[in-house]
Amino acid sequence: DGSISGFISGSPNFREGEAVTTSPITSDPVGGAVVQTASGSRYFLAAKTVGRGATAAGAKSKEPVSSAQKVSKANQEAASRRAAMAEERKAAAEQKRQEVEAKRAAAAEALANKRQEAEEKRKAIAAAADEKRRQAQELRDRAKEASAKKAAAAAAEKAMKQAKPRASISLFG
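Reading guide: rules and limits
- Residues numbered from 1 in each chain as written.
- Predicted model: local features only at pLDDT ≥ 70, side-chain atom pairs only at ≥ 80, totals over all residues.
- Heavy atoms only, no water.
- Helix = DSSP H or I, 4+ residues; strand = E, 2+ residues; numbered from the N terminus.
- Buried < 20%, exposed > 50% of the residue type's maximum accessible area, 1.4 Å probe, protein only.
- Contact = heavy atoms within 4.5 Å.
- Areas by Shrake-Rupley, 256 points an atom, 1.4 Å probe, with all protein chains shown as cover.
- Salt bridge = Lys/Arg side-chain N within 4 Å of Asp/Glu carboxyl O.
- Pairing = 2+ DSSP bridges.
- pLDDT = per-residue confidence, 0-100.
- Polar contact = N/O pair within 3.5 Å; in protein donor to acceptor, adjacent residues only side chain to side chain.

**Points about the overall build of the protein chain**
Point 1. What the protein chain contains, in helices and strands, is one helix and five strands.
Point 2. The linear arrangement of helices and strands in the protein chain, starting from the amino end, is β-β-β-β-β-α.
Point 3. The proportion of buried residues among the 173 residues of the protein chain is 15%.
Point 4. Partitioning the intrachain contacts of the protein chain with sequence separation of at least 6 by distance along the chain shows that 28% fall at a separation of at least 24.
Point 5. When the accessible surface of the protein chain is summed, it comes to about 13,700 Å², and 55% of that surface belongs to carbon and sulfur atoms.

Shown next, in the form of structure tokens:
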């Protein structure tokens, strides 16, 4: 039926020497090669294998027919490569995160500086407006004072004109 029977060696998933029979394989069983079953399982066949459908138990040598050792090593290498690639992606992501954080910090600092400058400008404008109001008020006060003096002088002048001539008063006696 295309299945292979044999003993396991070097697999972390099975006990050493455990007897197994695979489901039908999809290629010719060649010793020293990895074969795949119709269900997708993969097995490394040791160098001394027998033909398709035969069992290793009937062979003269008790060498294991399937070995997970090379598949396990290939899986370990692939896992190592995946881990290295994942580490590279993680490092790249961390670097990108740091770059984004640096840009964000620079933008926040620029915004703070811009706000500070705007606040200083607003204060300068307010101070200039206050000074202008003070000067205008000072001008109004001076004008009022001058107007009051003119009015007092005019009233004195009017009073002098309306006053009747009288005799002079002697202060000495």
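**Things to note about the side chain of Thr22**
Point 1. You can see Thr22 is positioned in the loop between β2 (19-21) and β3 (34-36).
Point 2. For Thr22, a relative accessible area of 7% gives the class buried.
Point 3. In contact with Thr22, other than residues within four places in its own chain, are Ser3, Ile4, Thr37 and Tyr43.

**What about the pattern of salt bridges?**
Where charged atoms from two side chains of opposite charge come close, those side chains can pair.
Point 1. Across all of its chains, the model carries seven salt bridges by this definition.
Point 2. Here Arg97 and Glu94 are joined by a salt bridge, their closest N and O atoms 2.6 Å apart. Placement of both Arg97 and Glu94 in helix α1 (residues 69-162) is noted, with a separation of three residues, approximately one turn of the helix.
Point 3. Overall, the relative accessible area of 45% leaves Arg97 in the partly exposed class.
Point 4. Through salt bridges with shared partners, one network takes in Glu131, Arg134, Glu138 and Arg142.

**Let's talk about the pairing of strand β4 (residues 42-45)**
Point 1. Alignment of β3 against β4, held across three bridges, turns out to be antiparallel. Each bridged residue has a counterpart across the sheet, and for Val34 the counterpart in β4 is Phe44.
Point 2. Hairpin connection, β3 to β4: the antiparallel pair is bridged by five residues, and Gly40 has positive phi, about 105°.

**Description of the confidence of the model for the protein chain**
Low pLDDT marks regions whose predicted coordinates should not be analysed in detail.
Point 1. When pLDDT is averaged along the protein chain, the result is 81, and 80% of the positions lie at 70 or above.
Point 2. The secondary-structure element of the protein chain with the lowest mean pLDDT is strand β5 (residues 66-67), recorded at 46, while α1 shows the highest, at 90.
Point 3. In the predicted structure, residues 49-67 sits below a pLDDT of 50 and forms 47 contacts with residues beyond four places in sequence or in another chain.

**A closer look at the environment of Pro29**
Point 1. With respect to the helices and strands, Pro29 occurs in the loop between β2 and β3.
Point 2. In the structure, Pro29 is positioned 15 residues away from Phe44 in sequence and 9.6 Å away in space, judged by C-alpha atoms.

**Details of the side chain of Ser5**
Point 1. With respect to the element layout, Ser5 can be found in strand β1 (residues 5-7).
Point 2. The buried category is assigned to Ser5, whose relative accessible area is 16%.
Point 3. At 2.8 Å, the side chain of Ser5 and the side chain of Thr21 are in polar contact.

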